[in-house]
Amino acid sequence: MSSAARSLSEPQVLAHTKRRLFPDDDESTAYAVTDTQFSKEEWLPGQSVEQSVRDHLAPFNHVQIGSGYPDLVGVRNLESDLLAVERLGDEPPLIAIEAKGYTSGGVDTQLGIVQAYDRLNEANAVYLAAPEAVISETDRTLARELNVGVLGVDSAGDVQVLEIPRVVGNRTTSEAKALRFQASTQGVANKSFGLNHPKNYLGYPLAHYADRDTETLLSEYKVVNAVTDARRGAAFLGLIKDDLTVELTSLGEEVVRFAKSRCGDVETALEEFEGWYRSQKRFVDLAPEWGYLARRVVFDYEATELLVRELQHMSEDGIEEPSLVDLVSYLHTLHPSFTVELFVRGDEDVRSRVLTADGELRRPALEDGNVYHAPTVFQLKAMLYHTGILTERGTEPNRLDPTEDVWALRQPV
């Protein structure tokens, strides 16, 4: 065995595995996070982690699956050489990986297999990833018996599939749900709501449904010029399915029905949008019927329901005007993975500043507006303001004072 092979550390094994299972050029809605313990600059005493390895392992989060925290957890439709799929349904599988690398005591592959097996209580597929040279026939036999996949990594970074697991159906915990949310078309990772007014997203399915060109109509009626952002946001809000072609969802069709019942046809409805051009007034006060339709659409967005429910609980606890720092701290106690994915930017530097190696929040870091995800604290919050849910509109991260930014329900019950 070469000295290079014997030097494969756990972070290196995991980085090579992530490249294989979650390649950078994957344009699907796949999403994966690495456990926060790998965000450290030093893995073992005297064993530093190369910045390039940490950059590839990012983003970091501390996601509980089973009774522990997998080294890597994500959502993706894997190729047939990686996963035996009989039937799973419409959702891609939730995948958990336990990695093992060389330490002074060798490589404990059997511990990794047992840890991976524990994750199978809640994941759809699990793997051990380890240096290929140390994986024995006994390891492979045990893994087959427990339905644990085995990935062998060599010193060049190539990953061999030694045992293929079968996909299984399992319940989805709130922690796993955070990853599924990010991997869905409504997730916020590497994407954004580019616009902060709900009318821009309501207008897209109307213009798409009309007989004339979508972009022309959106411009002519002064709905929005940033058509790509409007299209992406309409997909985030579940108004359209945006694959190779655009297709209205049932929610998008309901927006069209509303417009036709109110105005007779969609182009007449779009004429109303022109009258709202550059208005700063709260949308639900400016155009109440359209505003309440927008409220229905925005509330259907999964993150909105969670925010409203927990803000109501905070109000009941006497916290009626929580700051952004208060809100994130409160949410993280109840929904740690979801909170981090929704609010905190995903790059390695920010996650390392905000989270400890054990996944705990560093509250002082939350006082810097630049650590926050703009689509949440600016665009989403602005939409919640315009639809009458929150008392204040959103603010761009570079202008944000999180200690003064109030997240309060306009009408707590």
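Quick note: structure is the one above.
Cut-offs and rules
Residues numbered from 1 in each chain as written. Predicted model: local features only at pLDDT ≥ 70, side-chain atom pairs only at ≥ 80, totals over all residues. Heavy atoms only, no water. Pairing = 2+ DSSP bridges. Helix = DSSP H or I, 4+ residues; strand = E, 2+ residues; numbered from the N terminus. Axes fitted to C-alpha atoms, helices over the stretch in contact; angles between N-to-C directions. Parallel < 35°, antiparallel > 145°, perpendicular 65-115°, else oblique. Contact = heavy atoms within 4.5 Å. Nonpolar A, V, L, I, M, F, W, Y, C, P; charged D, E, K, R; others polar. Salt bridge = Lys/Arg side-chain N within 4 Å of Asp/Glu carboxyl O. Buried < 20%, exposed > 50% of the residue type's maximum accessible area, 1.4 Å probe, protein only.

1. Thoughts on the sheet that holds strand β7 (residues 149–153)
Here six strands make up an open sheet; going across it, the order is β1-β4-β5-β6-β7-β8 and the pairing mixed. Two strands in the sheet have a free side with no partner beyond their single neighbour: β1 (31–34) and β8 (159–163). Averaged over all neighbouring strand pairs, the angle between strand axes comes to 25°, with direction disregarded. As defined by bridge partners, strand β4 (residues 72–75) adjoins strand β5 (residues 94–99) across four bridges and the pair is classed as antiparallel.

2. Examining the packing of helix α7 (residues 198–209) against helix α10 (residues 250–263)
Packed helix pairs are specified by the crossing angle of their axes together with the interaxial distance, meaning the distance between the axes. Where α7 meets α10, the axes come as close as 9 Å, and the angle between the chain directions of the two elements is 80°. Here α7 is positioned roughly perpendicular relative to α10, judged by the angle of their axes. In this structure, α7 uses Leu 202, Pro 205, Leu 206 and Tyr 209 to contact α10, whose residues at the interface are Gly 252, Val 255, Val 256, Ala 259 and Lys 260. A class-by-class count of the residues in the contact of α7 with α10 yields seven nonpolar, one polar and one charged.

3. Remarks on the pattern of salt bridges
Side chains that differ in charge, positive against negative, can pair when their charged atoms come close. Considering all chains together, one arrives at 26 salt bridges under this definition. Between Glu 289 and Arg 262 there is a salt bridge, and its shortest N-O distance comes to 2.4 Å. Taken as a pair, Glu 289 in helix α13 (residues 288–299) and Arg 262 in helix α10 lie far apart in primary sequence, 27 residues in all. Since its relative accessible area comes to 47%, Glu 289 is described here as partly exposed.

Limitation: the analysis is restricted to geometry and does not speak to function.
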